[in-house]
Amino acid sequence: MNRSLIALLLALTTLSPLWAQDEKLDDLSFEEAPLKDEAVPYFAIGVGPVFNFVFADTKDVNAQALKLGLKEINSPIFQLGAEIFTAVGVIPDLRLGFSWISGSASSSSDTIVGGIANKRTMMYGISSRTFHLDYAWVPVKSLAFLPGVGLGWGEQRMEMYQSAGELDWNQITDPSSLAPLPNAYTILQQNTLYFLPRLNVEYAVTPFLNLRLQGAYTLVLSKSDWIGNRNATVKNVPDNISVSGLNVQFGVFVGLFN
């Protein structure tokens, strides 16, 4: 009898914690708690070619072309170049970059000078180098909007030249006939400092390939005198011959993009 009573007490002592655990199990929830969305800082490091179109005011350039008996130069002016950029790690979503681009448009025509057939050409070109600072906003995965500003320096130039279809080496090296008719060459150059606000829309096709569409506007801050043939100061050049204007750009970049 005593043994049976002791065995019953031991059983009750052992099972009591199990019953208590069963009651607590009923209070447990196995539903998954929602995960918190954590913002991932923008990151990119890339380099690649850019294809830029400058909608410069070519009215006065074309007026000079018409005086030379040439057709008008078409706008926009196509420029080819490259850009390199990287995210600034200490400041989230900020990106620093540098670009260099150049391009030109020209008009040519066959003319008669002094009874000699020759070809006359006028070329208008723009080149630039720019430091960029952009801020990234990523509304959805792989798509980024990057408003930014740039500060750069560059050059615009006009070249006007003509020559016969055939030249004599001995005449070229003769100092008395360095530029005889119909052969002639004139180059005009002006240096510029400019401000460039822009907006990039970029899409990361893969973590290693990024595509860009950009709109920008060049605003000239200061400019030098026009210099002719690297020696003479040129007067009365119209102020409207300027690098200021709308830019539309396409770019393809390789690197690392999130």
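Residues numbered from 1 in each chain as written. Predicted model: local features only at pLDDT ≥ 70, side-chain atom pairs only at ≥ 80, totals over all residues. Heavy atoms only, no water.

### Some thoughts on the overall build of the chain
Let me state the cut-off plainly: Counting from the N terminus, the helices are DSSP H or I runs at least four residues long and the strands are E runs at least two residues long. Under the convention used here, a 1.4 Å probe and the Shrake-Rupley method define accessible areas, while residue burial counts only the protein chains that appear.
Within the chain, the secondary structure is distributed over three helices and 11 strands. Walking the chain from its N terminus toward its C terminus, one meets helices and strands in the order α-β-α-β-β-β-β-β-α-β-β-β-β-β. Surface exposure of the chain reaches about 16,400 Å², of which carbon and sulfur atoms provide 63%.

### Side note on the pattern of salt bridges
The condition is simple: Salt bridge, as used here: a side-chain nitrogen of Lys or Arg that lies within 4 Å of a carboxyl oxygen of Asp or Glu. When a residue's accessible area, from a 1.4 Å probe over protein chains only, is under 20% of the maximum for its type it is buried; when over 50% it is exposed; and in between it is partly exposed.
Applying the stated rule across the entire model yields eight salt bridges. Of the charged contacts in the structure, one is a salt bridge between Glu155 and Arg157, with a shortest N-O distance of 3.4 Å. Take Glu155: its relative accessible area is 18%, and that puts it in the buried class. Overlapping salt bridges bring together Glu83, Arg95, Asp134, Arg198, Glu202 and Arg212 as one network.

### Considerations on the pairing of strand β11 (residues 245–257)
Under the convention used in this document: Here a strand pair is declared whenever DSSP counts at least two bridges between the two strands.
Alignment of strand β1 (residues 44–56) against β11, held across 11 bridges, turns out to be antiparallel. From the neighbouring strand, Val54 faces β11, where its bridge partner is Asn247. By the bridge criterion, 10 bridges tie strand β8 (residues 209–223) to β11 in an arrangement that is antiparallel. Counted as the bridge partner of Gln214 is Gln249 from β11.

### A closer look at the packing of aromatic side chains
Note the threshold: Stacked, tilted and edge-to-face are the three classes assigned to paired rings of Phe, Tyr and Trp, where Trp is represented by its six-membered ring and a pair needs centres within 6.5 Å; plane angles under 30 degrees give stacked, over 60 edge-to-face, the rest tilted. Cation placement over rings: the criterion is NZ of Lys or CZ of Arg within 6 Å of the ring centroid and within 35° of the ring normal.
This model, assessed by the stated rule, comprises 10 aromatic pairs. With 5.6 Å between their ring centres and 35° between their planes, Trp137 and Phe145 make a pair best called tilted. Taking relative accessible area as the criterion, Trp137 reaches 52% and is therefore assigned exposed. Ring pairs connect the aromatic residues Phe98, Trp100, Phe131 and Trp153, which therefore count as one cluster. In this arrangement the basic side chain of Arg95 is found over the ring face of Phe85, its NZ or CZ atom lying 4.0 Å from the centre.

### What about helix α2 (residues 59–67)?
This is how the line gets drawn: It is the directions from the helix axis to the C-beta atoms that the arc portrays.
The set of residues buried in α2 consists of Val61, Asn62 and Ala65. Down the axis of α2, the sector holding all buried residues measures 95°, keeping them to one side. Along α2, exposed side chains directed more than 90 degrees from the buried face belong to Lys59, Leu66 and Lys67. Just downstream of α2, Gly69 is the residue with a positive phi angle, here 80°.

### Thoughts on the pairing of strand β2 (residues 77–87)
As judged from the 10 bridges shared by β1 and β2, these two strands associate in the antiparallel manner. For Val50, the partnering residue across the bridge sits in β2 and is Gly81. Across eight bridges, the pairing between β2 and strand β3 (residues 94–113) is antiparallel. Directly across from Phe85, in β3, lies its bridge partner Gly97. Linkage of β2 to β3, two consecutive antiparallel strands, is achieved through a turn of six residues, within which Asp93 is found at a positive phi near 70°.

### Let's talk about the nonpolar core
Keep this limit in mind: Nine residue types can take part in a nonpolar core, namely buried Ala, Val, Leu, Ile, Met, Phe, Trp, Tyr and Cys, and a core is a set of them joined through side-chain atoms within 4.5 Å. Should any heavy atoms of two residues lie within 4.5 Å, those residues are considered in contact.
Ranked by size, the top nonpolar core spans 18 residues in total, and within it Val61, Met122, Tyr124, Ile126, Met158 and Ile241 carry the most contacts. Among the secondary structure elements, those contributing two or more residues to this core are β1, α2, β4 (116–135) and β6 (143–164). Counting residues per element, this core draws most heavily on β4, at three residues. Excluding its chain neighbours within four sequence positions, the residues that come into contact with Met158 are Val61, Met122, Met123, Tyr124, Thr186, Ile187, Leu188, Trp226 and Ile241. Val50, Phe85, Ala136 and Ala144 belong to the second largest nonpolar core, which has 11 residues in total.

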